[in-house]
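Architecture at a glance
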Amino acid sequence: MTDLTALLRDIADEITHHAAKLEREADAKDPDAAPGPFGIAVVGIDGTVTCGGDTGTRFPIQSISKVFALEVALCAIGDRVFERVGREPSGDPFNSIVELERNDGVPRNPFVNAGALVTVDVVGEHLPDAGEHGAVVDLIAHQLERAEVPLDQEVLESEVSGGDLNRAMLSFMKHHGNLNGDPDLVLRRYVEQCAVSLNCAELARAGRFLARTKLSGEETADARAMRMRHLLALMMTCGHYDASGDFALRVGLPAKSGVGGGILAIAPEVAAIAVWSRNLDQNGNSIQGVHALEMLAARTGWSVFGPPKGA
Ligand SMILES: NC(=O)CC[C@H](N)C(=O)O
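Now for a quick tour of the structure. The structure displayed is predicted, hence computed values, not measured ones.

As for the site of the ligand
Within the structure, the ligand sits among Gln62, Ser63, Phe94, Asn113, Glu159, Asn166, Tyr190, Cys194, Tyr241, Gly258 and Val259. Within the side chain of Ser63, one N or O atom sits 2.6 Å away from an oxygen atom of the ligand. Tyr190 is positioned such that a nitrogen or oxygen atom in its side chain is 2.7 Å from an oxygen atom of the ligand. Its residues assigned to classes, the shell around the ligand shows 5 nonpolar, 5 polar and 1 charged.

Structure, rendered in structure tokens:
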């Protein structure tokens, strides 16, 4: 993995050098914010970890947790999950409520907030005996072979007390019969999974199971293939909200972003990749994170759509 080590170091150097320029080009959400640190980690399917840049700092994984939630829900009830949530891109911001009215309380996909709240409801209903913070946080800890994972206190406090928009979505879905649990508990579990704090290497290790599409353990290979197909297809089509098409063209890997500045990307049968940089574009995706993944995909040829033009 020596070449990969050099490549990640080069990417981290380039990103850090050109951070201000990238932000100007990318329609930064807060154009005056300092670019801040950048980190990248690649975990091969054999478990080898390679890092570049700042890989020690932990950040809240935020919406990246929605992928883990969908995995738990699919394990619990299979594709019956999609009786409660759609699987189409939304064309609206991640916290939009408007589609719920059009679709009688059924969210467009599991990666917008409303869809994730329904997914968390499914998880709570079918796995009521999970650990203190629910089965999704348990899954992340399990992937890291730890008893527990740290939760960001600031996210916990601000998103429980200030979660009025998410609460409104829960009420709306309850009205339409698409919420079975206690809305306060569903919100609490959702915020806890968003607050999970990991560094890049930990995030990539936690997501490594997504890169191993063909392996089977105690379950049948077919059941696993069904889940991986759903998870990776939805990451590709909905993982970056309204910028998912642009991301697919530029990077060509199934991936999920979070407003903590992290992105988890998957090169199927090759590696799980995590990048982190705080500054976000207008869609809530990490500006430098997307650029770094674009560089990585171009230089490794990992895009599932083949090498970019001129490569
Ligand atoms: N896109 C995100 O990462 C958003 C997650 C955030 N916790 C919210 O509920 O709005």
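Points about helix α3 (residues 65-77)
Here α3 spans 19 Å end to end across 13 residues, near enough to the 18 Å set by a 1.5 Å rise per residue. Of all 13 residues that make up α3, 11 are buried, and the element is covered over most of its length. A positive phi of about 65° marks Gly78, the residue just after α3.

Observations regarding the nonpolar core
Membership of the largest hydrophobic core comes to 67 residues, with the highest contact counts inside it found for Phe68, Ile140, Leu198 and Leu210. Excluding anything up to four places from it in sequence, Leu198 contacts Thr57, Arg58, Phe59, Ile61, Ile140, Leu144, Val149, Leu203 and Ala206. Core analysis: the second largest hydrophobic core is formed by 28 residues, Leu22, Leu253, Val290 and Leu296 among them.

Considering the pairing of strand β6 (residues 262-267)
With respect to burial, β6 is a largely interior element, 6 of its 6 residues being buried. Side chains Gly262, Leu264 and Ile266 project from β6 onto one buried face, and the interleaved Ile263, Ala265 and Ala267 project onto a second face that is buried too. Relative to β6, strand β5 (residues 255-257) is paired through 3 bridges, and the arrangement is antiparallel. The residue of β6 that forms the bridge with Lys256 is Leu264. Taking the residues that link successive antiparallel strands as the turn, the β5-β6 hairpin has 4 residues, and the phi of Gly261 there is positive, at about 95°. One ladder, built from 6 bridges, connects β6 with strand β7 (residues 271-277); its direction is antiparallel. Following the sheet pairing, Ala267 is matched in β7 by Ala271. Counted along the chain from β6 to the antiparallel partner β7, the turn is 3 residues long, and its residue Glu269 has a positive phi close to 65°.

Some thoughts on helix α5 (residues 113-126)
Between its terminal C-alpha atoms α5 stretches 20 Å, which fits the 20 Å expected from 14 residues at 1.5 Å a residue. Most of α5 is tucked away: 11 of the 14 residues are buried. By the burial criterion, the buried members of α5 are Asn113, Ala114, Gly115, Ala116, Leu117, Val118, Thr119, Val120, Asp121, Val122 and Val123. Where α5 is buried, its residues contact α3, α4 (98-102), α6 (135-143), α8 (164-175) and α9 (183-195).

Some points on the packing of helix α7 (residues 153-161) against α9
At a minimum axis separation of 9 Å, α7 and α9 run at an interaxial angle of 150°. Taken together, α7 and α9 sit at an angle that is classed as roughly antiparallel. Here the hand of the crossing between α7 and α9 comes out right-handed. Between α7 and α9, the contacting residues are Val155, Leu156, Glu159 and Val160 on the first element and Leu187, Arg188, Val191, Glu192 and Ala195 on the second. Here the contact of α7 with α9 is built from residues that sort into 6 nonpolar, no polar and 3 charged.

Examining the packing of α5 against α9
Running from N to C, α5 and α9 cross one another at 110°; their axes reach a closest spacing of 9 Å. Our classification of the angle between α5 and α9 gives roughly perpendicular. Each of Asn113, Ala116, Leu117, Val120 and Asp121 in α5 lies in contact with α9, whose residues at this interface are Val186, Leu187, Arg189, Tyr190 and Gln193. Within the contact of α5 with α9, the residues separate by chemical class into 6 nonpolar, 2 polar and 2 charged.

Looking at the pattern of salt bridges
In total, this model carries 12 salt bridges according to the counting rule given. A salt bridge links Arg102 to Glu99; its shortest N-O distance comes to 3.0 Å. Of this pair, Arg102 and Glu99 both sit in helix α4, 3 residues apart, roughly one helical turn. Judged by its relative accessible area of 15%, Glu99 falls in the buried class. Among the salt bridges present, the one from Glu192 reaches Arg189, with a minimum N-O distance of 2.8 Å. With Glu192 and Arg189 both in helix α9 and 3 residues apart, the pair spans about one turn of that helix. The partly exposed category is assigned to Arg189, whose relative accessible area is 24%. A network of salt bridges, in which partner residues are shared, links Arg58, Arg146 and Glu202.

A look at the sheet that holds strand β2 (residues 49-53)
One open sheet holds the 5 strands; their spatial order is β2-β1-β7-β6-β5, and the pairing between them is antiparallel. Each edge of the open sheet is held by one strand with a lone partner, namely β2 and β5. Strand-to-strand twist of the sheet, defined as the mean angle between neighbouring strand axes without regard to direction, takes the value 10°.

Parameters at a glance
- Residues numbered from 1 in each chain as written.
- Predicted model: local features only at pLDDT ≥ 70, side-chain atom pairs only at ≥ 80, totals over all residues.
- Heavy atoms only, no water.
- Near = heavy atom within 4 Å.
- Polar contact = N/O pair within 3.5 Å; in protein donor to acceptor, adjacent residues only side chain to side chain.
- Nonpolar A, V, L, I, M, F, W, Y, C, P; charged D, E, K, R; others polar.
- Helix = DSSP H or I, 4+ residues; strand = E, 2+ residues; numbered from the N terminus.
- Expected span 1.5 Å × (residues − 1).
- Buried < 20%, exposed > 50% of the residue type's maximum accessible area, 1.4 Å probe, protein only.
- Core = buried A, V, L, I, M, F, W, Y, C linked by side-chain atoms within 4.5 Å.
- Contact = heavy atoms within 4.5 Å.
- Pairing = 2+ DSSP bridges.
- Axes fitted to C-alpha atoms, helices over the stretch in contact; angles between N-to-C directions.
- Parallel < 35°, antiparallel > 145°, perpendicular 65-115°, else oblique.
- Left-handed = near helix turned anticlockwise from the far one by under 90°.
- Salt bridge = Lys/Arg side-chain N within 4 Å of Asp/Glu carboxyl O.

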